[in-house]
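As a plain string of letters, each chain reads:
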Amino acid sequence: DTEVTQTPKHLVMGMTNKKSLKCEQHMGHRAMYWYKQKAKKPPELMFVYSYEKLSINESVPSRFSPECPNSSLLNLHLHALQPEDSALYLCASSQPMSGHYNEQFFGPGTRLTVL
Amino acid sequence: SQQGEEDPQALSIQEGENATMNCSYKTSINNLQWYRQNSGRGLVHLILIRSNEREKHSGRLRVTLDTSKKSSSLLITASRAADTASYFCATNWGFNKFYFGSGTKLNVKP
């Protein structure tokens, strides 16, 4: 199974809502990533989990809260978001080889709209 | 910023022609990767070239890397309409950091 799944595909939420994005992979990868992508822009790295531990937080606002319950699952909890947080949120995973992380496998993304 | 720049920003060619896109980056890297993204969807990994490699081939793809100039190029030969997509380079540096270039939007006309 070389697939990364993300749910939901689309999400519309108000600024006072709390919601979660979910990501799952069964490739045995030990690194998982969250990216944010605005329209016509490249993906921007948000968080990296390495062996289920948060290893990188790219100065993301605290209204985004990542969680890695186990090696296959990655969540992104959303609270009190702003309209400018509307974007495509992409999850990816990769497996370390020779001390470096190699190709990433991406999920299809969750299209988030904040009203 | 580690994020690279890609050029051209947009490229429109006829089916059968070759497409070349370039990527520049700023700091030392472990490897450089190219990804394709169809409109509004997830990214698909195309090819990876390590910092000690200069050229790599995969099917109709040819990637070069010049670490002295901190640049890479992706050549797609004999392009097809199905190659229409956005193409991004991504640099892998540090332990597990990836940064994406600004992207090239390729349109292949049938």
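Residues numbered from 1 in each chain as written. Chains lettered and ligands numbered in written order. Predicted model: local features only at pLDDT ≥ 70, side-chain atom pairs only at ≥ 80, totals over all residues. Heavy atoms only, no water.

Colleague: Can you explain the pairing of strand β2 (residues 10-13) of chain A? Please cite residues and give values.
Modeller: Note on strand geometry: in a regular strand, side chains alternate between the two faces of the sheet. All names here are of chain A. Of the two faces of β2, only the one carrying Leu-11 and Met-13 is buried; His-10 and Val-12 on the other face are not. Both β2 and strand β13 (residues 110-114) contribute to a ladder of four bridges, which runs parallel. By the bridge assignment, Val-12 is partnered in β13 with Thr-113. (Buried < 20%, exposed > 50% of the residue type's maximum accessible area, 1.4 Å probe, protein only. Helix = DSSP H or I, 4+ residues; strand = E, 2+ residues; numbered from the N terminus. Pairing = 2+ DSSP bridges.)

Colleague: Give me the lowdown on the interface of chain A and chain B, citing residues and values where you can.
Modeller: With 25 residues of chain A at the interface, the matching set in chain B holds 24 residues. With both sides pooled, the region where chain A packs onto chain B buries about 1900 Å², and carbon together with sulfur makes up 54% of that total. Counting across the interface, chain A meets chain B through one salt bridge. The shortest N-O distance in the salt bridge between Lys-97 of chain B and Glu-58 of chain A comes to 3.6 Å. Elements that contribute at least two residues to the side of chain A that touches chain B include exactly β4 (31-37), β5 (44-50), β6 (53-57), β9 (87-94) and β11 (100-101) of chain A. Top contributing element to the side of chain A that touches chain B by residue count: β5 of chain A, with four residues. Split into classes, the residues belonging to the side of chain A that touches chain B amount to 12 nonpolar, eight polar and five charged. (Contact = heavy atoms within 4.5 Å. Buried area = accessible area lost by both parts, 1.4 Å probe. Salt bridge = Lys/Arg side-chain N within 4 Å of Asp/Glu carboxyl O. Nonpolar A, V, L, I, M, F, W, Y, C, P; charged D, E, K, R; others polar.)

Colleague: Go over the nonpolar core with me, naming the residues and quoting the values.
Modeller: Within the largest apolar cluster, 23 residues are counted, with the highest numbers of intra-cluster contacts made by Trp-34, Phe-64, Leu-76 and Leu-78 of chain A. Put simply, the parts of the chain that give this core at least two residues each are β2, β3 (18-25), β4, β5, β7 (64-70), β8 (73-79), β9 and β13 of chain A. Judged by nonpolar contacts, the second largest core, of 21 residues, contains Tyr-25, Ile-49, Ala-85 and Tyr-87 of chain B. (Core = buried A, V, L, I, M, F, W, Y, C linked by side-chain atoms within 4.5 Å.)

Colleague: An account of the packing of aromatic side chains is requested, with residue identities and associated values reported.
Modeller: Per the counting criterion, the structure on display carries nine aromatic pairs over all chains. Relative to Tyr-89 of chain A, the ring of Phe-64 of chain A has its centre 5.9 Å away and its plane inclined at 35°; by these criteria the two rings are tilted. You can see Phe-64 of chain A sitting in strand β7 and its partner Tyr-89 of chain A sitting in strand β9, a full 25 residues away along the chain. Overall, Phe-64 of chain A belongs to the buried group, its relative accessible area being 6%. Residue Tyr-89 of chain A is classed as buried on the basis of its relative accessible area of 0%. Ring centres of Phe-106 of chain A and Phe-100 of chain B lie 6.1 Å apart, and the angle between their planes is 75°; on these two criteria the pair is classed as edge-to-face. Of the two residues, Phe-106 of chain A sits in strand β12 (residues 105-106) while Phe-100 of chain B sits in strand β10 (residues 97-100), which places them in two different chains. Here the two residues Phe-106 of chain A and Phe-100 of chain B agree in accessibility, since each one is buried. Taken together, Tyr-33, Tyr-35 and Phe-106 of chain A together with Tyr-35, Phe-88, Phe-98 and Phe-100 of chain B form an aromatic cluster joined through their ring pairs. (Phe/Tyr/Trp six-rings, centres within 6.5 Å; stacked < 30°, edge-to-face > 60°.)

Colleague: Give a description of the state of the cysteines that names residues and reports values.
Modeller: Residue and element names in this part refer to chain A. In total, this model carries two disulfides over all chains according to the counting rule given. One disulfide in the model links Cys-23 with Cys-91; its S-S distance is 1.8 Å. Taking the torsion about the S-S bond as the criterion, the Cys-23 to Cys-91 disulfide, at about -70°, is left-handed. With Cys-23 in strand β3 and Cys-91 in strand β9, this pair connects stretches of sequence that are 68 residues apart. The residues Cys-23 and Cys-91 share a single accessibility class, namely buried. (Disulfide = S-S within 2.5 Å.)

Colleague: Describe unusual backbone geometry, and please don't skip the residues or the numbers.
Modeller: At the junction of Thr-7 of chain A and Pro-8 of chain A, the peptide bond is cis and its omega measures out at -10° in the coordinates. Residue position: Pro-8 of chain A is located in the loop between β1 (4-7) and β2. In this structure, Pro-8 of chain B follows Asp-7 of chain B across a cis peptide bond, with omega equal to -5°. For Tyr-51 of chain A, which is not a glycine, the phi torsion comes out positive at approximately 50°. By secondary structure assignment, the location of Tyr-51 of chain A is in the loop between β5 and β6. Even without a glycine there, the phi angle at Ser-59 of chain A is positive, about 55°. You can see Ser-59 of chain A is positioned in the loop between β6 and β7.

That's the geometry; what it means functionally is another story.
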